[in-house]
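Below, each chain spelled out in residue letters.
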Amino acid sequence: LAGVACVVLAQVLAVVAYPMRPSANLNVGLASEVTESEQNLSQVFQDLEPGEFAGTLMLGGLRGLVTDLVWMRAVDAKDTKQYYESVALFGLISKLQPRFTKVWEFGSHDMAYNIGYEAESRADKYAWFQAGLEFNRQGVLRNPLNEGVLRHLAWMFYHKGETLMPEVE
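Conventions we followed
- Just so you know, the residues in each chain are numbered from 1, in the order the chain's sequence is written.
- For a predicted model such as this one, the threshold for reporting local features is a pLDDT of at least 70, and the threshold for listing and counting side-chain atom pairs is 80 or more; totals across whole chains, interfaces and linings nevertheless cover every residue.
- Water and hydrogen atoms were dropped before computing side-chain values, which therefore reflect all heavy atoms in the structure.
- Helix and strand labels come from DSSP, where a helix needs a run of H or I of at least four residues and a strand needs a run of E of at least two; each type is numbered from the N terminus.
- Here, two residues are considered to be in contact whenever any of their heavy atoms come within 4.5 Å of each other.
- Lines fitted to C-alpha atoms define the axes here, with helix axes fitted over just the stretch in contact, and angles between the N-to-C directions of these axes take values from 0 to 180 degrees.
- Here the angle decides the label: under 35 degrees means roughly parallel, over 145 means roughly antiparallel, 65 to 115 means roughly perpendicular, and every other value means oblique.
- Residue type decides the class: Asp, Glu, Lys and Arg count as charged, Ala, Val, Leu, Ile, Met, Phe, Trp, Tyr, Cys and Pro as nonpolar, and the leftover types, Gly among them, as polar.
- The buried label applies to any residue whose accessible area, calculated with a 1.4 Å probe on protein chains only, is under 20% of its type's maximum; exposed applies above 50%, and partly exposed to all values in between.
- Take the far helix as the reference: if the near one is turned anticlockwise from it by less than a right angle, the crossing is left-handed, and if turned clockwise, right-handed.
- To form a nonpolar core, buried Ala, Val, Leu, Ile, Met, Phe, Trp, Tyr and Cys residues must be joined to one another through side-chain atoms within 4.5 Å.

### Here's the deal with the side chain of Q97
Alright, step 1. Turning to its location among the elements, Q97 is positioned in the loop between α5 (83-96) and α6 (101-118).
Alright, step 2. Not counting residues within four places of it along the chain, the set of residues in contact with Q97 comprises R63, G64, T67 and V103.

### Overview of the packing of α5 against α6
Alright, step 1. Taken N-terminus to C-terminus, the directions of α5 and α6 make an angle of 170°; their axes are 10 Å apart at the nearest point. One finds that α5 runs roughly antiparallel with respect to α6. Touching Y83, S86, V87, F90, I93 and S94 of α5 are V103, W104, F106, G107, D110, M111, I115 and E118, all from α6.
Alright, step 2. A per-class count over the contact of α5 with α6 returns 9 nonpolar, 3 polar and 2 charged.

### Things to note about the environment of F106
Alright, step 1. Along the chain, F106 falls in helix α6.
Alright, step 2. When residues no more than four places from it in sequence are discounted, the contact partners of F106 are W71, V75 and F90.

### Re the side chain of E105
Alright, step 1. Turning to its location among the elements, E105 is positioned in helix α6.
Alright, step 2. According to the relative accessible area criterion, E105 is buried, its value standing at 13%.
Alright, step 3. When residues no more than four places from it in sequence are discounted, the contact partners of E105 are G148, V149 and H152.

### Considering the packing of helix α4 (residues 63-79) against α5
Angle between the axes and distance between the axes: these two values describe a pair of packed helices.
Alright, step 1. Between α4 and α5, whose axes approach to 8 Å, the crossing angle comes to 160°. With respect to α5, the axis of α4 lies roughly antiparallel. Seen along the crossing, α4 lies across α5 with a hand that is left-handed. Here α4 contributes R63, V66, T67, V70, W71, R73, A74, A77 and K78 to the contact with α5, which in turn contributes Y83, E85, S86, L89, F90, L92, I93 and L96.
Alright, step 2. A class-by-class count of the residues in the contact of α4 with α5 yields 11 nonpolar, 2 polar and 4 charged.

### A closer look at the nonpolar core
Alright, step 1. In this structure, F90, I93, V103, W128, F129 and M156 are the most contacted members of the largest nonpolar core, which totals 23 residues.
Alright, step 2. Looking at this core, the elements that each hand over two or more residues are α4, α5, α6, α7 (122-142) and α8 (147-161).

Laid out in structure tokens, this is it:
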């Protein structure tokens, strides 16, 4: 119970402190004394959203283990046809590790192809394709310097876009 209270308190503090972060000076000292790794660390903390910031600090080294467990649950949810739960869990994984590009690629592919294949109507298939594209687009925005996520988005348009052209027009 105390652990849950600490996590909730950390989240509240992260949300309250979020507006102050861009003005905070994480690199104390002269500019010549600031190393490249300190600049990269500063940029990482500035790029994180409030929920991601709290999750990164609170889970620490256990973040990878938690991500693996949530990933297994997401795949199990999809296999048992609980598609919305699977999508929500992949969203959680993307919050826990926003720089892990495979979650963006796998999640978008899963929505657009695997879940979309199970949909009954053509309109539902197109809606799942759009959901996959949107998830991949969020991955591109979170990882602007990673060409793999952008290439996956382009591939999805190329591969599946032609078959769903009537819905686009």
